Amino acid sequence: MGVSLPPKEANLFKLIVKSYETKQYKKGLKAADSILKKFPNHGETLSMKGLTLNCMDRKSEAYDLVRLGLKNDLKSHVCWHVYGLLYRSDRNYREAIKCYRNALRIDPDNLEILRDLSLLQAQMRDLEGFVETRQQLLTLKPSQRMNWIGFAVAQHLNSNALKAVNILEAYEGTLDDNHPPENERCEHGEMLLYKISLLEECNLIEKALEELHKKRSKIVDKLSYKEVEVSLLVKLGQFEEGEKLYRLLVSMNPDNYRYYEGLQKCLGLHSENAQYSSSEVEQLEALYKSLVLQYSWSSAAKRIPLDFLTGDKFREAADNYMRPLLTKGVPSLFSDLSPLYDHPEKADILEKLALGLEHSLRTFGGYPGRVDKEPPSTLMWTLLYLAQNYDRRGHYDIALAKIDEAIEHTPTVIELYSIKSRILKHGGDLEAAAVLADEARCMDLSDRHANSYCVKRMLQADQVMLAEKTAALFTKDWDQSLQDMQCMWYELASGESFFRQGDLGRALKKFLAVEKHYADITEDQFDFHTYCLRKMTLRGYIEMLKFQDRLHSHTYFRKAAAGAIRCYIKLYDAPLKSAAEEDDDMSKLPASQKKKNRQKQRKAEARAKKEAEVRTEESSVNVSKAGMRHVKPVDPDPHGKKLLQVEDPLLEATNYLKLLQKHSPNSLETHFLSFEVYMRNHKILLALQALKHVLRLDGENPDSHRCMVSFFYKVASIRTRVSEAEKLVWSVFEAERPTFSQLHGKSLVEANTLFLEKHRDSLLHRAAAAEMLHLIEPNRKAEAIKIIEESLNNAVPKSGFAIVKEWKLKDCIAVHKILGTIFDDHAVASRWKVRCSEYFPFSTYFEGGQSSVVTRNLVKDKTVNGGMNHLETLQNDEPLSTNGKLENVEALNNLVI
């Protein structure tokens, strides 16, 4: 126990605790100093003073004081508890748990310390300890509802749902018949629904249904009651009762797709793979016809039949579905029907339908078979749909013609410019897509979505500075606000843009910012461990914990971690040069080049100085209307240069790689990156493990073939096998090689030839085979190049009424980069570029004839003294005008054909 204080000082110590709890830190410090004047070595006062200083962002002083207090009073549970709180504030939960356990050795029945310990155990998923602590809390304070519920939840999380049910039943046994009172009905009803979900999890379905019916009057959430009841009925095979209940739910919400799916299950008409027999289709058709008559306003009842109908029936249903939406002017119609385009037959029908509607609207002003005239806007929305249809099917020239006609028809609709931007992006003209997106943004400066869409297009076109200025129109301090809002799509797109431009520092900064958001999301669950038990939102609490456990498998985290790993790999392959090396490189340059480099350096320094001055002004102390003074934090490393100064880039990459391996084990990219990192680290057995995972997931992937051939080629080149460890590793290779079916009884050259024969019609597979042939036998470089150049761009079958070639733009760009880097043959790369410019006339990468690059070059040729084009000027110098519009937008639009 702590050293006792005289009554006056004891009251001051209570004041310190109260001031800490009410966040009156200055008052608490004053009281602590009063005690320490008389008792300078009082451990508990020193600890509480340190805890107060910690809340005032004086961490180093706080730790010193708390440690000194603990040193002076090692047997005080207060000192240990405060030390744990200090660690908890820094998210060092493991050390905090140790401190709490030491405090409990001194005062084992302290409820406050036990509660704090249970929160940390739940946070760290120390489930056995969590059960033990919650049981101790229940033993000490059985009169509190929260202790019963906490113990039940702890047992549930520890995979013992049946014990959790018994605990909840024991708790219900302590309650009066009149329980709950009116102000606790919602919480009690939630607890009952949670108990029923536990019974369902234990596969006690009949008991769960019986309990549900028994406690019906005490469950306030009637919708959840019905949903749980129908779920139990279906699991028990009571489909007739389930059908009645699902029909009731559909009447309550006719646009809930889950209710329709459940109704189909009850009728025996549900299929996981959406494959139905002819009799099932007839029954489904009759079902939805009756539902449409009953709920004529329901879009779900009209949309779902399009998934299972085919042929003429599909044509009729799609026609009836599309007409009112085109008349009404629903921009999302194509997005709604987009999944149907995965079926070529349905895609052709939808295209013919839209063309028929367009023809009738042009000729008669109305739909086929109808006398009534349609409003003029209907033709515009039909043209918009057709533009999206042709865009989806790869006919970018026809899509642009349709969208241009729609714009000419009604030039004030924002969606038209956004869709045209998307078409240009798919066609490969990223700069023109950014210009069109900005034009759409300028049509409604209060539209945040249009602004975000424009920013995304600018980042895809690598116009980062312009994107920052545009995003700043909706933020007070754009960078800090976007971080506070956890705007991950922006940070990922910005990071990818910086990576493409070779700015690894800024790219890493953006990727790691996304990773920090996920750490914050993990931390944010801490407050809910108490809140959810108090408010009895138990089902939501369990779902939240399950979500947190799979949090790092989310797409955004996977992209951010993969981006960071690629940055570290690139940094390892091309380390940063020291100042002396840069000076040596500069001395070797001609005088004219030296002069240009010095001018660029001076401009960069001036720009950096100006940015620093702006940041300094922004970080100055501001006074709000309430009189509070706020200091904006200044980013000490805005360009991410410190992030690049790592001793071992591969070690940093491995840290993120482990997270991907744990949470995204079924992602090909995870194992590709593992292979790349382990091969550079010379961890051959781990690289072999990654290779086996790659081949298991997709053995026919071109990159899988690259990994396999390059691995065994490099392993075979290792000649030194002297030590016992090296001999053991080699014996593993000899044992594992026969397990690779692609190499069984074949040499690498034979396996590569077989792979080429198997995938002769695929461009990417041919490129992979050519690349591996060049690796294995460099003297056959000409033959390898010939494999790529002899690839044929065949027409895609069943692609509508216009011819579409098989090759994709991104695949052709990848092959061009291979020819220029791996094969290091710029003449061949140039031929490939000319060839692809014909296939992709809108591509700026290949400088297609209809791309904005050609137009911009023509404008440059006509400009006096070869002046800078407006887009570059805007990116580097010009700000946004006060009304939020880009300066010289008209000049930018001239870049678009």
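Residues numbered from 1 in each chain as written. Predicted model: local features only at pLDDT ≥ 70, side-chain atom pairs only at ≥ 80, totals over all residues. Heavy atoms only, no water.

J.: Would you take a moment to explain the overall build of the chain for this structure?
T.: Across its full length, the chain carries 49 helices and two strands. When each of the 897 residues of the chain is scored for burial, the buried share is 46%. In the chain, 59% of the contacts between residues at least 6 apart in sequence involve partners at least 24 apart. Of the roughly 46700 Å² of accessible surface on the chain, 52% is carried by carbon and sulfur atoms. (Helix = DSSP H or I, 4+ residues; strand = E, 2+ residues; numbered from the N terminus. Buried < 20%, exposed > 50% of the residue type's maximum accessible area, 1.4 Å probe, protein only. Contact = heavy atoms within 4.5 Å. Areas by Shrake-Rupley, 256 points an atom, 1.4 Å probe, with all protein chains shown as cover.)

J.: Whenever I open this one, the side chain of Asn752 confuses me. Can you help?
T.: On the secondary structure map, Asn752 appears in helix H42 (residues 748–758). Taking relative accessible area as the criterion, Asn752 reaches 5% and is therefore assigned buried. With residues up to four places along the chain from it excluded, the contact list for Asn752 reads His705, Ala769, Met772 and Leu773.

J.: Please clarify how unusual backbone geometry should be interpreted in this entry.
T.: Backbone phi values are negative for most residues with the exception of glycine, while trans is the configuration of most peptide bonds. The omega angle of the peptide bond from His179 to Pro180 is 5°, so this bond is cis rather than trans. With respect to the element layout, Pro180 can be found in the loop between helix H10 (161–173) and helix H11 (185–201). Positive phi outside glycine occurs at Met536, with the angle close to 65°. The exposure class assigned to Met536 is buried, which follows from its relative accessible area of 1%. The phi angle at His682 is positive, at roughly 60°, despite the residue not being glycine. For His682, the location among the structural elements is in the loop between helix H38 (668–680) and helix H39 (684–698).

J.: Help me understand the pattern of salt bridges, please; the structure alone is not making it clear to me.
T.: Once their charged atoms are close, side chains differing in charge can pair, the charge on each being opposite to the other. Taken as a whole, this structure holds 53 salt bridges when the rule is applied. Ionic pairing is found between Arg303 and Asp336, a salt bridge with its closest N-O pair at 3.2 Å. Of this pair, Arg303 sits in helix H17 (residues 299–303) while Asp336 sits in helix H20 (residues 333–337), and the two are 33 residues apart along the sequence. We classify Asp336 as partly exposed; its relative accessible area is 24%. The salt bridge involving Glu358 is made with Lys402; its shortest N-O contact spans 2.9 Å. Pair noted here: Glu358 is in helix H21 (residues 344–364) and Lys402 is in helix H23 (residues 396–409), with a separation of 44 residues, a long-range link. Using a relative accessible area of 6% as the deciding quantity, one classes Glu358 as buried. Within this structure, Glu169, Glu172, Lys195, Lys207, Glu211 and Lys215 form a network of salt bridges that share partners. (Salt bridge = Lys/Arg side-chain N within 4 Å of Asp/Glu carboxyl O.)

J.: Would you explain the nonpolar core in this entry?
T.: Nonpolar side chains tend to gather and get buried jointly when the protein is soluble and globular. Leu212, Leu337, Leu350, Tyr385 and Leu416 are the most contacted members of the largest nonpolar core, which totals 108 residues. Among the elements that make up this core, the one with the highest residue count is helix H22 (residues 377–392) (nine residues). Ignoring anything within four residues of it in the chain, the contact list for Leu212 reads Leu193, Ile196, Ile219, Tyr225, Val228, Glu229 and Leu232. (Core = buried A, V, L, I, M, F, W, Y, C linked by side-chain atoms within 4.5 Å.)

J.: How should helix H46 (residues 826–839) be read in this particular structure?
T.: One turn of an α-helix holds 3.6 residues; hence residues three or four places apart share an orientation. Its 14 residues give H46 an end-to-end C-alpha distance of 20 Å, which sits within 8% of 20 Å, the value for a rise of 1.5 Å per residue. Here H46 has its buried residues at Val828, Ala829, Trp832, Cys836 and Ser837. Where H46 is buried, its residues contact helix H43 (763–776), helix H44 (781–789) and helix H45 (809–821). For H46, the capping residue at the N-terminal end is Asp825, with a side-chain oxygen 3.3 Å from the backbone nitrogen of Ala827. (Expected span 1.5 Å × (residues − 1). Polar contact = N/O pair within 3.5 Å; in protein donor to acceptor, adjacent residues only side chain to side chain.)

J.: What exactly am I supposed to notice about the environment of Asn160 here?
T.: If you trace the backbone, Asn160 turns up in the loop between helix H9 (145–157) and H10. On the basis of relative accessible area, Asn160 is assigned to the partly exposed category, the value being 26%. Each C-alpha atom of the pair Asn160 and Cys202 lies 9.1 Å from the other, and the pair is 42 residues apart in sequence.

J.: I would appreciate a short explanation of the packing of helix H7 (residues 111–123) against helix H8 (residues 127–140) in the present structure.
T.: Between two packed helices, the angle of one axis relative to the other and the distance separating the axes together describe the packing. Between H7 and H8, the shortest axis-to-axis distance is 9 Å and the interhelical angle comes to 155°. On the basis of their axis angle, the class for H7 and H8 is roughly antiparallel. In terms of crossing hand, the pair formed by H7 and H8 is left-handed. Touching Leu111, Leu114, Arg115, Leu117, Ser118, Gln121 and Ala122 of H7 are Gly129, Phe130, Thr133, Arg134, Gln136, Leu137 and Leu140, all from H8. (Axes fitted to C-alpha atoms, helices over the stretch in contact; angles between N-to-C directions. Parallel < 35°, antiparallel > 145°, perpendicular 65-115°, else oblique. Left-handed = near helix turned anticlockwise from the far one by under 90°.)

J.: How should I be thinking about the packing of helix H26 (residues 448–460) against helix H27 (residues 464–471) in this particular structure?
T.: Packing of H26 against H27 brings their axes to within 8 Å, and their N-to-C directions diverge by 170°. By the criterion of interaxial angle, the relationship of H26 to H27 is roughly antiparallel. Across the interface between the two elements, Asn451, Cys454, Val455, Met458 and Leu459 of H26 pack against Val464, Leu466, Ala467, Thr470 and Ala471 of H27. The class makeup of the residues in the contact of H26 with H27 is eight nonpolar, two polar and no charged. (Nonpolar A, V, L, I, M, F, W, Y, C, P; charged D, E, K, R; others polar.)

J.: What should I look at first to understand H8 in this one?
T.: When the terminal C-alpha atoms of H8 are compared, their 20 Å separation across 14 residues agrees well with the 20 Å that a helix rising 1.5 Å per residue should span. By the burial criterion, the buried members of H8 are Gly129, Phe130, Val131, Thr133, Arg134, Leu137 and Leu138. For H8, the elements touching its buried residues are H7, H9 and helix H31 (528–535).

J.: Can you walk me through the confidence of the model for the chain in this structure?
T.: Keep in mind that low pLDDT regions are not for reading the predicted coordinates in detail. A residue-level look at the chain finds 87% of positions with pLDDT of 70 or above and a mean pLDDT of 88. Residue range residues 618–630 is modelled with pLDDT below 50. Its contacts to residues more than four positions away, or to other chains, number 16 contacts. In the model, residues 863–897 has pLDDT below 50 throughout and makes 67 contacts with residues more than four positions away in sequence or in other chains. (pLDDT = per-residue confidence, 0-100.)

J.: Help me out: how do you make sense of the environment of Val715 in this one?
T.: Summarising the element assignment, Val715 is placed in helix H40 (residues 702–716). If we ignore the near neighbours within four places in the chain, the residues touching Val715 are Ile684, Trp730 and Phe733.

J.: Please explain the packing of aromatic side chains as it appears in this structure.
T.: Any pair of aromatic rings gets described here by the distance separating the centres and the angle formed by the planes. Using the criterion set out here, one finds 22 aromatic pairs in the structure. An angle of 85° between the planes, with centres 5.5 Å apart, marks the rings of Trp807 and Tyr839 as edge-to-face. Of this pair, Trp807 sits in the loop between H44 and H45 while Tyr839 sits in helix H46; the two residues are 32 residues apart in sequence, bridging distant segments of the chain. Here a set of aromatic residues connected by ring pairs shows up, and it is made of Phe675, Phe711, Phe712, Phe733 and Phe740. Residue placement shows Lys570 over the ring face of Phe499; its charged tip is 4.9 Å from the ring centre. The ring of Phe712 carries the charged tip of Arg737 above its face, separated from the ring centre by 5.5 Å. (Phe/Tyr/Trp six-rings, centres within 6.5 Å; stacked < 30°, edge-to-face > 60°. Lys NZ or Arg CZ within 6 Å of the ring centre and 35° of its normal.)

J.: What's the story with the environment of Glu790 in this structure? I'm lost.
T.: Within the fold, Glu790 resides in the loop between H44 and H45. A relative accessible area of 43% means that Glu790 is categorised as partly exposed. For Glu790 and Leu763, which are 27 residues apart along the polypeptide, the C-alpha to C-alpha distance reads 9.7 Å.

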